[in-house]
Amino acid sequence: MSFEDRNNLVIILMNLVIAAYFGLWIVPGVLTGAYDGAAGLVAWAQATLMVIPVSIVGTIVLTILFAIGYAIVTHNTKPSEIVDERDRAIGNFGLRVNLYVAGAGFLVSLVGLAFWSWPALWALNLGFFGFMLGGLAGGVAKFILYRRG
């Protein structure tokens, strides 16, 4: 398992944690009306912005723990961190998948606002969901490509 492949697994795991946070914290608040009105949008934005520092710290911690665990399991205290052309090509493909999915989610949220008169909160949630799903889709695409060889 290459350095990039291990880091990709951490990113997939963090995307699943973010999805769980979104599903367990944000969505119930939206459904119960906790984020209604102008003050509700501010509260939604604050709750959503918490994802950024938590995901950064979580990714760093998980990367370190995963590297330690991998070294223990494989008995390899100095694994290679070389990134080759294959890793770059897989990374670029994963990035394209991420951008396509995230862009589609954002576009659908704008279309919903413009033509279907969706409430702003629903459009914001769909946009956030699109970016979250984009990150997960890009990571899964990279995971599949690493398995194919």
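Please read these numbers as outputs of a predicted model, since none were measured by experiment.

Conventions adopted
- Residues numbered from 1 in each chain as written.
- Predicted model: local features only at pLDDT ≥ 70, side-chain atom pairs only at ≥ 80, totals over all residues.
- Heavy atoms only, no water.
- Helix = DSSP H or I, 4+ residues; strand = E, 2+ residues; numbered from the N terminus.
- Areas by Shrake-Rupley, 256 points an atom, 1.4 Å probe, with all protein chains shown as cover.
- Lys, Arg positive; Asp, Glu negative; His and termini not counted.
- Charge placed at Lys NZ, Arg CZ, Asp CG, Glu CD.
- Core = buried A, V, L, I, M, F, W, Y, C linked by side-chain atoms within 4.5 Å.
- Buried < 20%, exposed > 50% of the residue type's maximum accessible area, 1.4 Å probe, protein only.
- Contact = heavy atoms within 4.5 Å.
- Expected span 1.5 Å × (residues − 1).
- Salt bridge = Lys/Arg side-chain N within 4 Å of Asp/Glu carboxyl O.
- Patch = residues over 30% accessible without salt bridge, like charges linked within 9 Å, V, L, I, M, F, W, Y side chains within 5 Å.
- Polar contact = N/O pair within 3.5 Å; in protein donor to acceptor, adjacent residues only side chain to side chain.

Regarding the overall build of the protein
Here's step 1: Helices and strands together make up the secondary structure of the protein, namely five helices and zero strands.
Here's step 2: For the protein, the α and β elements follow one another from N to C terminus as α-α-α-α-α.
Here's step 3: The dimensions of the protein, computed from C-alpha atoms along their principal axes, are 55 × 25 × 15 Å.
Here's step 4: With the model as given, the accessible surface of the protein reaches about 9100 Å², and the carbon-plus-sulfur share is 75%.
Here's step 5: Each charge sign in the protein was given a centre, from 8 positive and 7 negative side chains, and these centres are 5 Å apart.

Things to note about the nonpolar core
Here's step 1: In terms of nonpolar packing, the biggest core is built from 11 residues, these being Ile18, Phe22, Ile26, Val30, Tyr35, Trp44, Ala47, Val51, Leu121, Phe128 and Met132.
Here's step 2: Contributions of two or more residues to this core are made by helix H1 (3-32), helix H2 (37-49) and helix H5 (120-148).
Here's step 3: Counting residues per element, this core draws most heavily on H1, at four residues.
Here's step 4: Ignoring anything within four residues of it in the chain, the contact list for Ala47 reads Tyr21, Trp25, Ile26 and Tyr35.

Considerations on H2
Here's step 1: In this model, H2 (13 residues) spans 18 Å end to end at C-alpha, consistent with the 18 Å of a helix rising 1.5 Å per residue.
Here's step 2: For H2, the secondary structure elements touched by its buried residues are H1, helix H3 (51-74) and H5.

Notes on the environment of Ala102
Here's step 1: Position of Ala102 relative to the elements: it lies in helix H4 (residues 85-115).
Here's step 2: Along the primary structure Ala102 and Gly23 are separated by 79 residues, whereas in three dimensions their C-alpha atoms are 18 Å apart.
Here's step 3: In contact with Ala102, other than residues within four places in its own chain, are Gly130, Phe131 and Gly134.

What about the side chain of Arg6?
Here's step 1: Its location among the elements puts Arg6 in helix H1.
Here's step 2: Non-local contacts of Arg6, meaning those with residues more than four positions away in its chain, are made with Met1, Phe66, Tyr70, Pro79 and Ser80.

Things to note about the pattern of salt bridges
Here's step 1: On inspection of all chains with the given rule, the structure shows two salt bridges.
Here's step 2: Residue Arg147 pairs with Asp5 through a salt bridge whose shortest N-O separation is 2.4 Å. Placement of the pair is Arg147 in helix H5 and Asp5 in helix H1, with a sequence separation of 142 residues.
Here's step 3: A relative accessible area of 43% means that Arg147 is categorised as partly exposed.
Here's step 4: Classification of Asp5 by relative accessible area gives buried; the value is 2%.
Here's step 5: Between Glu85 and Arg88 there is a salt bridge, and its shortest N-O distance comes to 3.0 Å. Taken together, the positions of Glu85 and Arg88, both in helix H4 and three residues apart, correspond to about one turn of that helix.

Describing a nonpolar patch on the surface
Here's step 1: On the surface, Leu49, Ile52, Ile56, Val57, Ile60, Val61, Ile64, Leu65, Ile68 and Ile72 cluster together to form a nonpolar patch covering roughly 950 Å² of accessible area.
Here's step 2: Note on placement: Ile64 falls in helix H3.

Some details on H4
Here's step 1: The end-to-end C-alpha distance of H4, which contains 31 residues, comes to 44 Å, matching closely the 45 Å that a straight helix rising 1.5 Å per residue would cover.
Here's step 2: For H4, every residue scored as buried is listed here: Asp87, Ile90, Gly94, Val97, Ala102, Gly105, Ser109 and Gly112.
Here's step 3: Buried residues along H4 sit in contact with H1 and H5.
Here's step 4: For H4, the capping residue at the N-terminal end is Asp84, with a side-chain oxygen 3.3 Å from the backbone nitrogen of Arg86.
Here's step 5: Following H4 by one or two positions, Ser117 adopts a phi angle in the positive range, close to 55°.

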